[in-house]
Amino acid sequence: MNPEDLRYAASHEWVRVQGETGTVGITDHAQKELGEIVYLELPEVGHVYNAQEEFGTVESVKAVSELFTPVSGEVVEINKAAVSEPGIVNDDPYGDGWLIKVKLSTDEEVSKLMTAEQYDAYVQAEEK
Amino acid sequence: MSLPNEGVALKRTPLYSLHRELGAKIVEFGGWEMPVQYSGILEEHRAVRERAGIFDVSHMGELEIRGPGALEALQRLTPNDVSKLADGRCHYSAFLTERGTYVDDLLVYRRAADNFMLVVNASNTPKDFAWAKSHATGDVAMEDRTEDYALLSVQGPRAVALCSRLCSSDPSQLPYYGFSTMEVLGAPALVSRTGYTGEDGFELCVPAQDAERIFRRLLEEGRGDDVLPCGLGARDTLRLEAKMALYGNDIDDTVTPWEADLGWTVKMKKGDFIGRDSLERQKQEGVPRKLVGFEMTDRGIARHGYPARTASGPGVVTSGTHSPTFAHPIGLALLPTAASAVGTEFSVDIRGRQARARVVETPFYKRKKEVSA
């Protein structure tokens with residue numbers, strides 16, 4: 001089940017907002033579809049992204065996928081543990097498998113993202 | 001995130017519904033809907049290296065060539081020396097164009113001097129069949145038997161013990177690249193000691209209607225040993241670690257056996273065969289590029305088609321993956337011959353970033369040859 005305190009993008013990333021900071025990761029559905037993640041490429045701290053911009057890549061044995069940030073802002077932290085051990089993202093996509101933390105440049109974007117319920121429906125529709 | 005596109009309705013093997021039942025993820029490969037993984041590529045890969053894995057490779061094509069002229073026809077159609085094959089033996093060979101490049105790579109099985117079977121790549125089966133028919137001379141009859149058979153591959157150190165329990169005669173008596181007809185759970189089968197993983201193992205060519213029963217029994221018999229059903233994902237990482245070429249990735253109709261480091265499959269002294277003149281010429285003029293193994297020295301996985309840059313000119317990555325055995329990115333690349341020596345450093349353009357790589361000895365993985373139990 002997708003956590004209800006998160007917001008979700010159509011490109012299968014989530015964001016958790018705590019104050020001015022948004023933590024970004026990929027959804028459980030995404031990690032299942034990718035299979036075992038063996039490589040993560042994340043940006044340097046200090047990079048500034050607009051919402052929906054590519055901020056890195058995630059690779060399974062078979063495939064490469066781009067990562068898009070659901071929110072605009074400056075990268076303030078990256079998950080180094082996940083970079084050195086990308087399997088964490090499979091094991092705990094909503095917890096220890098987070099990817100980057102962003103200092104949000106606006107608080108207007110988050111409300112436009114999907115709720116957990118909307119995302120569940122979206123994934124189900126996509127699978128048909 | 002961009003997720004891979006899947007599930008185009010195509011050909012299905014007799015095991016398709018079983019794959020679904022086993023929870024496989026299905027992808028399109030070579031015109032077929034095939035299981036790419038069941039429990040996970042890394043886990044399946046490990047099962048084959050340490051225990052055993054069972055693959056459905058029924059998408060591979062089986063072509064039969066019979067008749068008094070069969071041996072002679074195959075001598076002209078393929079570069080390896082068919083006259084050196086004894087009954088009950090197979091070897092790795094190819095169909096080549098007049099330019100000496102690959103139409104396909106394949107295995108030639110000699111059942112008798114007038115009775116051969118070729119196992120070819122799935123996506124190439126119709127092309128190969130048409131090519132063989134139009135190029136064969138003499139008194140031969142050819143038949144595409146792909147739909148009649150299922151091909152199951154049992155690979156790994158426990159493959160011998162596992163297959164012994166299902167076969168009417170002892171498969172451990174087969175030499176490497178030897179085969180024999182026997183019964184597998186009562187079904188008439190051709191069992192060969194072959195594979196595409198770098199491990200000991202067998203390929204069981206069985207009637208399509210018996211495939212599901214045999215696959216299920218293999219799984220049951222292997223359960224105590226943690227034998228897993230394995231998909232094409234693990235098959236790819238296993239073959240790459242063993243440096244076995246994949247048609248469409250490492251070899252195609254632009255690559256010759258000299259370039260692919262597969263010169264051992266070409267017997268220039270055996271007499272004429274299609275592609276021979278071009279190969280003779282390339283041998284004299286020098287081979288411009290070579291297929292080499294590499295490992296990344298920078299972070300990143302270099303994948304099929306990524307451009308390579310060497311001190312002697314451009315090259316291209318033909319296969320690349322994360323090696324489950326070494327937990328490190330490896331790959332194969334076609335590089336200018338002057339840049340193909342072991343130890344040579346070069347770079348790969350990984351989606352706009354130049355990442356360093358180094359030519360290494362191959363195969364990346366070689367199993368320890370032990371007296372099998």
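Residues numbered from 1 in each chain as written. Chains lettered and ligands numbered in written order. Predicted model: local features only at pLDDT ≥ 70, side-chain atom pairs only at ≥ 80, totals over all residues.

A.B. asks: Explain the overall build of chain B here, please?
C.D. replies: Of regular secondary structure, chain B possesses eight helices and 20 strands. Taken over C-alpha atoms, the radius of gyration comes to 20 Å for chain B, in line with the 21 Å a tight globule of 373 residues would show. For chain B, the spread of C-alpha atoms along the principal axes amounts to about 60 × 50 × 45 Å. Looking at the 373 residues of chain B, the share that counts as buried comes to 49%. For chain B, restricting intrachain contacts to residue pairs at least 6 apart in sequence, the fraction spanning at least 24 positions comes to 67%. (Helix = DSSP H or I, 4+ residues; strand = E, 2+ residues; numbered from the N terminus. Rg over C-alpha atoms; globule rule 2.2 N^0.38 Å. Buried ≥ 20, exposed ≤ 12 C-beta atoms within 10 Å, placed from the backbone. Contact = placed C-beta atoms within 7 Å.)

A.B. asks: What is the right way to read the overall build of chain A from this model?
C.D. replies: Looking only at helices and strands, chain A features four helices and nine strands. Over its C-alpha atoms chain A spans a radius of gyration of 13 Å, differing by no more than 12% from the 14 Å that the globule rule assigns to 128 residues. Here the C-alpha coordinates of chain A stretch approximately 35 × 35 × 20 Å along the principal axes. A total of 128 residues make up chain A; the buried ones form 42% of that total. In chain A, 62% of the contacts between residues at least 6 apart in sequence involve partners at least 24 apart.

A.B. asks: Help me understand unusual backbone geometry in this model?
C.D. replies: For residues that are not glycine, phi is negative in most cases, and the peptide bond is trans in most cases. All names here are of chain B. A cis amide bond links T362 with the next residue in sequence, P363, at an omega value of 0°. For K243, which is not glycine, the phi dihedral falls at a positive 50°. A positive phi angle, near 45°, is found at R351, a position not held by glycine. Tracing the backbone shows R351 in the loop between strand 19 (345-350) and strand 20 (353-360). Judged by C-beta crowding, with 13 C-beta atoms within 10 Å, R351 ranks as partly exposed.

A.B. asks: Looking at this structure, how should I read the environment of A:D120?
C.D. replies: With respect to the helices and strands, A:D120 occurs in helix 4 (residues 116-127). Along the chain, A:D120 and A:N2 lie 118 residues apart, while their C-alpha atoms are 7.5 Å from each other.

A.B. asks: Is there a simple way to explain helix 6 (residues 211-222) of chain B in this structure?
C.D. replies: Owing to its 3.6 residues per turn, the α-helix aligns residues three or four sequence positions apart on the same side. All names here are of chain B. For helix 6, spanning twelve residues, the distance from its first C-alpha to its last is 16 Å, which sits close to the expected 16 Å at 1.5 Å a residue. Along helix 6, the positions that sit buried rather than exposed are A211, I214, F215, L218 and G222. Down the axis of helix 6, the buried side of the element spans an arc of 100°, and every buried residue falls inside it. (Expected span 1.5 Å × (residues − 1). Arc of directions from axis to C-beta.)

A.B. asks: Help me understand the sheet that holds strand 2 (residues 13-18) of chain A in this model?
C.D. replies: Sheet strands line up and pair through hydrogen bonds in the backbone, either parallel or antiparallel. Pairing in this open sheet of six strands is antiparallel, and the strands run 1-2-3-9-8-5 (chain A) from one edge to the other. For this open sheet the edge positions go to strand 1 (7-8) and strand 5 (48-49) of chain A, each flanked by a neighbour on one side alone. (Pairing = 2+ DSSP bridges.)

A.B. asks: Quick question: what am I supposed to make of the sheet that holds strand 10 (residues 149-155) of chain B here?
C.D. replies: Residue and element names in this part refer to chain B. Across the sheet, which stays open at both edges, the six strands sit in the order 11-12-13-10-4-14 with mixed pairing between neighbours. Of all strands in the sheet, those with a lone pairing partner are strand 11 (179-184) and strand 14 (228-230), marking the two edges. Here the strands of the sheet are splayed against their neighbours by 30° on average, with no regard to which way each runs. Sheet analysis places strand 4 (residues 53-56) next to strand 10, joined by four bridges and oriented antiparallel. Counterpart to F55 in the pairing with strand 10 is S153. Helix 2 (residues 41-50) contacts strand 4, strand 10 and strand 14 of the sheet and is inclined by roughly 115° relative to strand 14. (Axes fitted to C-alpha atoms, helices over the stretch in contact; angles between N-to-C directions.)

A.B. asks: Where do I start with the domain arrangement of chain B in this structure?
C.D. replies: Size of an interface: often given as the accessible area lost when the parts come together. All names here are of chain B. According to the domain assignment, chain B consists of domain 1 (11-60 + 147-241) and domain 2 (61-144). On a C-alpha basis, the centroid separation for the pair domain 1 and domain 2 is 24 Å. If you look at the interface, domain 1 gives 14 residues, while domain 2 gives 13 residues. Grouping the constituent residues of the side of domain 1 that touches domain 2 by class yields seven nonpolar, seven polar and no charged. (Domains from an automatic or database assignment. Nonpolar A, V, L, I, M, F, W, Y, C, P; charged D, E, K, R; others polar.)

A.B. asks: When you look at the environment of B:A245 in this model, what are you seeing that I'm missing?
C.D. replies: Residue and element names in this part refer to chain B. Counting through the fold element by element, A245 comes out in the loop between helix 7 (232-241) and helix 8 (276-285). Using a count of 23 C-beta atoms within 10 Å as the deciding quantity, one classes A245 as buried. Between the C-alpha atom of A245 and that of Y196, which follows or precedes it by 49 residues, the distance is 9.5 Å. If we skip the residues at most four places from it in the chain, A245 touches D105, D250, I251, A260 and L262.

A.B. asks: Got a minute to help me understand the pairing of strand 3 (residues 21-26) of chain A in this structure?
C.D. replies: Consecutive side chains of a regular strand alternate in pointing toward one face of the sheet and then the other. Residue and element names in this part refer to chain A. As paired elements, strand 2 and strand 3 share six bridges and run antiparallel to each other. What sits directly across from W14, in strand 3, is G25. Taken together, strand 2 and the strand that follows it, strand 3, pair antiparallel across an intervening segment of two residues, in which G19 is found at a positive phi of about 65°. For strand 3 and strand 9 (residues 100-104), the ladder comprises four bridges, and the chain directions are antiparallel. From the neighbouring strand, T23 faces strand 9, where its bridge partner is K101.

A.B. asks: Help me out: how do you make sense of the interface of chain B and chain A in this one?
C.D. replies: The partner chain A presents 19 residues to the 16 residues of chain B that form the contact. Taken together, the residues of the side of chain B that touches chain A sort by class into seven nonpolar, eight polar and one charged.

A.B. asks: Please clarify how the pairing of strand 2 of chain A should be interpreted in this entry.
C.D. replies: All names here are of chain A. Where strand 1 meets strand 2, two bridges bridge the pair, whose relative direction is antiparallel. Note on strand 2: the bridge partner recorded for R7 is V15. Adjacent in sequence and paired antiparallel, strand 1 and strand 2 are bridged by four residues, among which H12 carries a positive phi angle near 70°.

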